[in-house]
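Each chain is listed here by its residues.
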Amino acid sequence: MMPTIYYRRHNLAGHTYYLGATAQGLCFVGSWAQTLAELQSFYPLAELRPATTQTEAAATELAQYLNGQRREFTIPIAWPQATPLQQAVWQALLKVPYGQTVDYSTLAQQAGYPKAIRAVASAVGKNPLLIVAPCHRVLRKDGQLGGYRGGVIMKQTLLALEQK
């Protein structure tokens with residue numbers, strides 16, 4: 001059965017984000033100013049429907065975070081089907097504290113896959129929940145930013161927000 005994802009474009013702190021949610025919780029946070037195609041690339045078999053209220057709680061919490069009024073998210077999350085490694089990496093991302101960073105090898109250890117650094121980095125790149133599962137807090141071993149689905153400027157902005 002195809003999942004149903006309710007989506008809506010929200011304007012939060014001066015940027016637009018697509019948010020997607022299932023009946024179980026938030027399943028997608030998009031990059032700045034991207035189209036619905038970004039959500040579709042993560043959930044190609046989903047039935048997409050315009051949201052009425054399904055993304056409102058997530059939008060509220062994200063707005064609070066982006067305005068410096070929230071450090072943790074309490075909204076329910078609905079992860080997509082994923083490999084055990086991806087699931088472990090995404091859960092490890094949720095444990096990286098606000099205002100702190102980790103490198104990929106540390107994240108690999110925390111996820112229980114200490115020798116699979118490249119696979120862990122790939123799983124980080126497949127994280128459907130930008131900001132909420134804070135992949136922006138993962139840096140390269142040399143301290144450089146590395147890649148980010150939302151782009152380097154978005155990553156720098158989020159890291160700077162958490163240092164205030």
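Analysis parameters
Residues numbered from 1 in each chain as written. Predicted model: local features only at pLDDT ≥ 70, side-chain atom pairs only at ≥ 80, totals over all residues. Heavy atoms only, no water. Helix = DSSP H or I, 4+ residues; strand = E, 2+ residues; numbered from the N terminus. Rg over C-alpha atoms; globule rule 2.2 N^0.38 Å. Contact = heavy atoms within 4.5 Å. Lys, Arg positive; Asp, Glu negative; His and termini not counted. Charge placed at Lys NZ, Arg CZ, Asp CG, Glu CD. Salt bridge = Lys/Arg side-chain N within 4 Å of Asp/Glu carboxyl O. Buried < 20%, exposed > 50% of the residue type's maximum accessible area, 1.4 Å probe, protein only. Pairing = 2+ DSSP bridges. 1 Å grid on protein atoms, 1.4 Å probe; cavity = no way out; pocket = protein on both sides within 12 Å on 5 of 7 lines; lining within 4 Å. Points joined across faces, edges and corners; volume = space filled by probe spheres on them. Nonpolar A, V, L, I, M, F, W, Y, C, P; charged D, E, K, R; others polar.

What about the overall build of the protein chain?
So, step 1. When helices and strands are counted, the protein chain shows six helices and six strands.
So, step 2. Counting from the amino terminus, helix and strand elements in the protein chain follow one another as β-β-β-α-β-α-α-β-α-α-β-α.
So, step 3. For a compact globule of 164 residues, the expected C-alpha radius of gyration is about 15 Å, and the protein chain comes in at 15 Å, within 12% of that figure.
So, step 4. Overall, the protein chain is about 45 × 40 × 25 Å in size when its C-alpha atoms are taken along their principal axes.
So, step 5. Contacts spanning at least 24 positions in sequence make up 58% of the contacts within the protein chain whose residues lie at least 6 apart.
So, step 6. Taken as two groups, the 15 positive and 8 negative side-chain charges of the protein chain have centres that lie 5 Å from each other.

Side note on the pattern of salt bridges
A pair can form between side chains of opposite charge whenever their charged atoms are brought close.
So, step 1. Per the counting criterion, the structure on display carries seven salt bridges.
So, step 2. Between Glu56 and Arg8 there is a salt bridge, with the nearest N and O atoms lying 2.2 Å from each other. Residue Glu56 is located in helix H2 (residues 56–66), and its partner Arg8 is located in strand S1 (residues 4–12); the two are separated by 48 residues in the primary sequence.
So, step 3. Since its relative accessible area comes to 30%, Glu56 is described here as partly exposed.
So, step 4. Among the ionic pairs, Glu162 bridges to Arg137, the shortest N-O distance being 2.8 Å. One end of the pair, Glu162, is in the segment after helix H6 (152–161); the other, Arg137, is in the loop between helix H5 (117–125) and strand S6 (138–139), and 25 residues separate them in sequence. Arg137 shares its class with Glu162; the two are buried.

Some thoughts on the pairing of S1
So, step 1. Pairing analysis gives four bridges linking S1 to strand S4 (residues 47–50), with the strands arranged parallel. Residue pairing across strands places Tyr6 opposite Arg49, the latter belonging to S4.
So, step 2. Sheet analysis places S1 next to strand S2 (residues 15–21), joined by seven bridges and oriented antiparallel. From the neighbouring strand, Tyr7 faces S2, where its bridge partner is Gly20.
So, step 3. If you look at the hairpin formed by S1 and S2, you'll find two residues sitting between the two strands, and Ala13 has a positive phi there, around 50°.

Description of the layout of surface pockets
So, step 1. In this model, the largest pocket occupies a volume close to 390 Å³.
So, step 2. Pro3, Phe42, Tyr43, Pro80 and Gln81 are the residues nearest the centre of the largest pocket, which is lined by 18 residues in total.
So, step 3. Residue composition of the lining of the largest pocket, grouped by class: 13 nonpolar, four polar and one charged.
So, step 4. Each pocket or cavity is described by its volume, and for the second largest pocket that value is around 270 Å³.
So, step 5. In terms of lining residues, the second largest pocket is bounded by 14 residues, among which Arg71, Glu72, Phe73, Leu94 and Val132 are the most central.
So, step 6. A breakdown of the residues in the lining of the second largest pocket according to their chemical character gives ten nonpolar, no polar and four charged.

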